[in-house]
Amino acid sequence: MEVNITHALLVILSLTLLVTVTFKTLRLPVILGYIVVGVLVGPNGAALLHNTENIKLLSEFGIVFLMFTVGLKFSLRSLWHMKSSVFIVGGMQVLLTTAITTIIGVYVGMPVEMSIIIGGIAAMSSTAIVLKQLSDQGEMESAHGHNAVGVLLFQDLAVIPFIVLVGSMAQTTGSSAWGVIGFEFLYGVLALLVILIIGRWVLQPLFHVIASTKMSELLTLAVLLIVISSAIFTERFGLSYAFGAFMAGMMLSETAYRHQVQVEIRPFKDVLLGLFFITVGMLLDLSTWPDTWQWIALLLVSILIGKGLLVAIVSRCIKFDLYSSVRSAVVLSQGSEFGFAILTLALGYKIIPEGYGQVIMSALLLSMAIGPLLVKNNDKITKFLLYPWAKKLKKSYSVGSKLVDKAPVEVVICGYGRFGQQIGGMLHEESIPFLAIDNNPRHIRSKGSIRGEVIYGDATHPELIRVFCDIDTKVVVVCLDNLSDTVQSVSHIRKLSCTVPIMARCRANNDIEDLLAAGANIVVPETLDSSFMMMYHIFSLVNVDDPDLEKALTDMKNTHDNLLNKFFGFV
């Protein structure tokens, strides 16, 4: 019986909830749970679902949204700094993997065309697995994280000529194939130039107008429109959906809106990416394993070890230390969703026979099933592999994963209006780096500080708070416009961090207790300083003696001194 999309989603969501909770309890990567769900419900497993085309089409956008969020973390400047990883490590890895696979394939009697395509399939690593797992582990900013991202970017670019080559092999001669690739390259360059122009002159003013409306749903709609439009645009010019989304993310990476955009897009990314891994599991055909398990095992080991060695060797030959090189190799050793794209096309054009295709598909799926475990434990695996050199590499273990030294953010300011800007100005004068968050575009444009970064965002949003609570801050200052927002922000910050000191501004004395109950360490009424200054002048004008004046002001501050003593450690 034909299964409609509603029934399919109901079955998938029910099993996904059960399996992912189980995997989370067992401290296993959730990605592996998604693949298990796919095996259970797919046509080659329990056959609960037969028609999966609609789900596959929907799940492809999981990669699109993932690449967009990755692009938000990498500006054009940072991409240029990664040029060694992108063009040298990534380029040499793809070239050498393809060349070695082709030589072996020809040696065992395969046609050259089929050997080249299999080499391209083996050269790819899973963007979805690597980036999601590294992001969850907080390793995106590490040396091996940047190296892995650079290699993945080149692989995503390399998918295009391989896909064009497959189609050309089926329809044209070899010389014509390379001509088609050349035209596709020119189309790709043109598409990138258009995206760069739009990003530079359109996106920033557009988001400024949208942010001025203070309608969060409008921002979400704009982000969805930009991601999907850029993906479709680059696909029409011969590039991949994912690469277009990545470029759109990079266009927003240097704006003050990137953090809030990342928060808005995350629910769509997580759900669709989960669906993608489920569809990967659906492809697994266990019935072919009894007859082909030896070949599957041989190809699996070749992909994991062979590609890993190439990544480690090339990385070591340029600027990376041995420790970071091996960690990069472990992270990038699995197969890829883009490998499936090339394989599916090659099977359709009969360039690769069906029997070979099932072996390759099984090896790729198994490597992707192992992939999350390899990425999660890449540090432990690397230390085990490098154990004989442990003493020499002891320093690398402690500093090898750090790519660059960034100035720590010592103060986070939630709300950058008049009060927040005064605090930011004083921090700037004392050369104290800070991060300010505000949802008013005018406040962002008037930041005027080289020591502080002012970003657009809703400081009451838990996901956005999670972004800056990961920073090793010394104090968080909450000075939002109304009490309810201030209480909500303080409460979320306290839930995410039990130790960070929180200072809050309130408008009236009777608001102090609410903010203290929410988790603030210090609450300062907005009128406190001005009342002190006013009383000083009043007492002076009515001829109050200095000793009495000092005593009167001291009495006024007694209600706040205990909080100051607790926070600053005064005696």
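Residues numbered from 1 in each chain as written. Predicted model: local features only at pLDDT ≥ 70, side-chain atom pairs only at ≥ 80, totals over all residues. Heavy atoms only, no water.

> Looking at this structure, how should I read the environment of E141?
Position of E141 among the secondary structure elements: in the loop between α7 (127-137) and α8 (143-171). Exposure remark for E141: the relative accessible area of 39% places this residue in the partly exposed category. When the C-alpha positions of E141 and K73 are compared, they lie 9.4 Å apart, and in sequence the two are 68 residues distant. (Helix = DSSP H or I, 4+ residues; strand = E, 2+ residues; numbered from the N terminus. Buried < 20%, exposed > 50% of the residue type's maximum accessible area, 1.4 Å probe, protein only.)

> I would appreciate a short explanation of the pattern of salt bridges in the present structure.
Side chains carrying opposite charge are able to pair once their charged atoms draw close together. A complete count under the given rule lists four salt bridges for this structure. With a closest N to O distance of 3.7 Å, K474 and E410 form a salt bridge. Of the two residues, K474 sits in the loop between α21 (462-469) and β4 (475-478) while E410 sits in the loop between α18 (394-399) and β1 (411-414), which places them 64 residues apart along the sequence. Given the relative accessible area of 22%, E410 is considered partly exposed. Each of E139, R327, D379 and K383 takes part in one network of salt bridges that share partners. (Salt bridge = Lys/Arg side-chain N within 4 Å of Asp/Glu carboxyl O.)

> It is not clear to me how a nonpolar patch on the surface should be interpreted in this structure. Could you clarify?
A contiguous nonpolar surface patch, about 500 Å² in accessible area, is contributed by I197, I198, W201, V202 and L206. Structurally, the position occupied by I198 is in helix α9 (residues 174-213). (Patch = residues over 30% accessible without salt bridge, like charges linked within 9 Å, V, L, I, M, F, W, Y side chains within 5 Å. Areas by Shrake-Rupley, 256 points an atom, 1.4 Å probe, with all protein chains shown as cover.)

> Just to check I follow, could you spell out helix α6 (residues 112-123) for this structure?
Count 3.6 residues to each turn of an α-helix, and residues three or four apart come out pointing the same way. In a regular helix each residue adds 1.5 Å, so twelve residues correspond to 16 Å; α6 covers 16 Å between its end C-alpha atoms and thus fits that length. The element α6 is extensively covered by neighbouring structure, given that nine of its twelve residues are classed as buried. Listing the buried residues of α6 in full gives M114, S115, I117, I118, G119, G120, I121, A122 and A123. (Expected span 1.5 Å × (residues − 1).)

> Would you take a moment to explain the confidence of the model for the protein for this structure?
As a note on interpretation, predicted positions should not be read in detail where pLDDT is low. On average, residues of the protein score 78 in pLDDT, and 77% of them are at 70 or above. Element-level pLDDT for the protein is lowest in α18, with a mean of 44, against a maximum mean of 92 in helix α13 (residues 289-317). In this model, residues 394-406 is a region of pLDDT below 50 whose contacts with residues beyond four sequence positions or in other chains number 23 contacts. (pLDDT = per-residue confidence, 0-100. Contact = heavy atoms within 4.5 Å.)

> Explain the packing of α7 against helix α12 (residues 258-282) here, please?
Two packed helices can be described by the angle between their axes and the distance between those axes. At a minimum axis separation of 11 Å, α7 and α12 run at an interaxial angle of 135°. Of the possible angle classes, the one that applies to α7 and α12 is oblique. Viewed along their axes, α7 and α12 form a crossing whose handedness is left-handed. Side by side, α7 and α12 meet where A128, I129 and K132 of the first sit next to D270, L273, F276 and F277 of the second. Each residue belonging to the contact of α7 with α12 can be placed in one class, and the counts come to five nonpolar, no polar and two charged. (Axes fitted to C-alpha atoms, helices over the stretch in contact; angles between N-to-C directions. Parallel < 35°, antiparallel > 145°, perpendicular 65-115°, else oblique. Left-handed = near helix turned anticlockwise from the far one by under 90°. Nonpolar A, V, L, I, M, F, W, Y, C, P; charged D, E, K, R; others polar.)

> In this structure, what is going on with the pairing of strand β2 (residues 434-438)? I would like to understand it.
The side chains of a regular strand alternate between both faces of the sheet. Among the five residues that make up β2, five are buried, leaving the element largely enclosed by the rest of the structure. Side chains F434, A436 and D438 of β2 all project onto a buried face; the interleaved residues L435 and I437 project onto the opposite face, where all are buried too. Pairing of β1 with β2 involves four bridges; the strand directions are parallel. Residue pairing across strands places I413 opposite A436, the latter belonging to β2. A crossover links β1 with its parallel partner β2, the connecting element being helix α19 (residues 418-429), and its sense is right-handed. (Pairing = 2+ DSSP bridges. Right-handed = clockwise from strand over helix to strand, strands pointing away.)

> Even after reading the chapter, I still don't get the nonpolar core, so can you show me in this structure?
Burial of nonpolar side chains together is a common tendency in soluble globular proteins. Of all hydrophobic cores here, the largest spans 114 residues; its most connected members are F68, I117, F277, I352 and I413. Residues contacting F68, with those up to four places away along its chain left out, are V223, V227, A245, F246, A248, G249, L252, V261 and I265. By size, the runner-up hydrophobic cluster in this structure holds 24 residues, among which are I437, V476, I493 and I502. (Core = buried A, V, L, I, M, F, W, Y, C linked by side-chain atoms within 4.5 Å.)

> Please clarify how the packing of α13 against helix α16 (residues 354-376) should be interpreted in this entry.
Interaxial distance between α13 and α16 falls to 8 Å at its minimum, and their mutual angle equals 50°. In terms of their interaxial angle, α13 and α16 are classed as oblique. In the crossing of α13 with α16, the sense of the turn from one axis to the other is right-handed. Residues W289, T292, W295, I296, L299, L300, I303 and L304 of α13 touch α16, and the partners they reach there are V359, I360, S362, A363, L364, L366, S367, I370 and L374. Of the residues belonging to the contact of α13 with α16, the class tally is 14 nonpolar, three polar and no charged.

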